[in-house]
Amino acid sequence: GTTRHEEDIDALVVGAGFGGIYQVYSLLQLGLSVKAIDFASDVGGTWYWNRYPGAMSDTESYVYRFTWDKEDLQTSPWSHHYMRQPDVLAYLEHVVERHNLRKHMEFNTELLSAEWSEKEKVWNIDVSTGTRYKARYLVTALGLLSRQNYPDIPGMESFKGVKCHTAAWDSSIELKDKRVGVIGCGSTGVQVITEIAKTVQHLVCFQRHPQYSVPSGDGPVSPEYRRKVNAHYDEIVRQVKESAYGFGFKESERSFDSFTPKEREEIFETLWKQGNGFRFLSGGFCDVATNKAANETACEFIRKKIGQIVKDPEKARKLQPHDYYARRPLCDGGYYEQFNRENVSIVDLKETPITCITANGIKTSDGLEHQLDVMIFATGFDAIDGNYTRVHIRGKDGKTLKDHWKGGPTSFLGTNVAYFPNLFMITGPQGPFCNIPAAIEAHVEFITETIKKAEKLSTKANPAIVEPTEKAELEWNSLCEKAVEGSLFKETASWIFGSNVPGKPYALRFYFGGLKKFRAELRRVMDEGYPGYKPFVSS
Ligand code: NA7
């Protein structure tokens, strides 16, 4: 440090995706001096990095956007029920231009460390360009999924072909007529496989756990459809905020047991035809994620569909999952259909695990060497806290976030952390499990109102400090535990609980009480004068 150029600002926002963009906009409205930094060379966050073929949103377009700019909501174009990565990126760039936010953003700028100074009551934030920001408020908009997860397979470095993680996709990679291997079949793997199957010479899908996926129901949007959405946007936005998942459809309040077997079958069939993973999970019955019989019926239904779609019984068998339908629900634009192509094969890694990567491809335990030109890692992320613990963030008493989260990440309201004054996380650990832009809006609006209140109470000599109590953090953790009680999600290994990364503590990384209740909690805290926080100013 001593050579660093220092810059005083009110607030530093880390990240320029959905969260960072709205946060910069909102803090500027308060009249604060704000800067956002991003490691990427432009805006977009998740949508900047994930440029792999087939990358798209699986929330429907009309609710995969900001709702605070009403005019833009009416006029911003979307041509299909789901937006592809270039469309989402173009939308975010458009919002940044429209509101003149770019001049408050620094790209190619990595956060190196952030340390709270108890003496100065500021965050000292060092970034890769050599600047030290001194900011009273530090807002992290790091997203949920940014730190890539690579499997630890012997021989990784010996592969002579091209290898790439989907979240670091290099657009110059040629796939046409190539022999391609895809490792992983989560949301990402399913999208990549569906997209590239038709163009590659040969595609080998390396699958450890098959997943349940339903049709997305994608297709072009007619002008009438768009007009109807526009005419009802206020209601739509209200409904999203009052739903559990925020996906723009009404979740069922009826239990599985209240229907006859014939009715259940018809409901699943209707949901299958309508499309969307979250709708399939929650649009027909309120208890597919909690009632084992309901869950098994959903599983059986999807297995039957896979069996009907996939002609080769051996491939179908490998693609049919047998665990709970309780990971993040997936949907696709014809995933299972791709396995009817002769050039697409599937390797079940539970039957024949990967033994090593060689110069020419991937070797499995049956002695086969799968010859590949390109190896695609659709192996997911060190999700949520993984984005935070890779940087040095130090709060009070020398505590780092890494120390604080040793046993698993905790927070108050998914936003604040005890010992980390004036640190605000957008979609931090134990925030709501729902449509992400909707979760982001809830968080940003809470953070903005809280900072506004802190600003009112601040004087130069005695600046306001926003810090939750340890007790509040523990109570929020208990509330999160209560909200997930009885859920089969808890019993199913996935990134949602950290079980996808070896050595990562199994922990509750989401609030499963739904967006509506989450928003109500935030509202209550604001209305009741911030119970769970220390007084903003010391007397
Ligand atoms: P996911 O959902 O974490 O999926 C990662 C996939 O990679 C999954 O199929 C994993 O199998 C597989 N994987 C991970 N490590 C290995 C190793 N070592 N060997 C073989 N296979 C492996 O990540 P996505 O990027 O697809 O999706 C993340 C989120 O992005 C998604 O939920 C949406 O919210 C958007 P496993 O199931 O662990 O056996």
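Everything below is about the structure printed above this text.
We now turn to the structure provided with this report. (Residues numbered from 1 in each chain as written. Predicted model: local features only at pLDDT ≥ 70, side-chain atom pairs only at ≥ 80, totals over all residues.)

**Considering the overall build of the protein**
Okay, step 1: Summing up its helical and strand segments, the protein has 16 helices and 20 strands in all.
Okay, step 2: Taken along its principal axes, the extent of the C-alpha atoms in the protein is 75 × 55 × 45 Å.
Okay, step 3: Scored against the burial criterion, the 539 residues of the protein give a buried share of 48%.
Okay, step 4: Intrachain contacts of the protein at a sequence separation of at least 6 include 72% that bridge at least 24 residues. (Helix = DSSP H or I, 4+ residues; strand = E, 2+ residues; numbered from the N terminus. Buried ≥ 20, exposed ≤ 12 C-beta atoms within 10 Å, placed from the backbone. Contact = placed C-beta atoms within 7 Å.)

**A look at the sheet that holds strand E9 (residues 202-207)**
Okay, step 1: Read from one edge to the other, the open sheet built from five strands follows the order E7-E16-E8-E9-E12, with strand pairing classed as parallel. Both outer strands of the open sheet, strand E7 (162-165) and strand E12 (344-348), are each paired with one neighbouring strand and no more. Averaged over all adjacent pairs, the angle separating strand axes in this sheet is 15°, with direction ignored.
Okay, step 2: By the bridge criterion, five bridges tie E9 to E12 in an arrangement that is parallel. Bridge assignment links Cys205 to a residue of E12, and that residue is Ile346.
Okay, step 3: Strands in contact with helix H5 (residues 187-196) are strand E8 (179-183), E9 and strand E16 (374-377); relative to E8, the strand with the most contacts, it is inclined by about 160°. (Pairing = 2+ DSSP bridges. Axes fitted to C-alpha atoms, helices over the stretch in contact; angles between N-to-C directions.)

**Description of the site of the ligand**
Okay, step 1: Neighbouring residues of the ligand: 19 residues in total, closest Pro151, Gly184, Gly186, Arg208 and Gly380.
Okay, step 2: The element that contributes the greatest number of residues to the shell around the ligand is H5, accounting for three residues.
Okay, step 3: Among the residues forming the shell around the ligand, the class breakdown is eight nonpolar, nine polar and two charged. (Near = placed C-beta within 6 Å. Nonpolar A, V, L, I, M, F, W, Y, C, P; charged D, E, K, R; others polar.)

Purely geometric stuff here, so don't read any function into it on its own.
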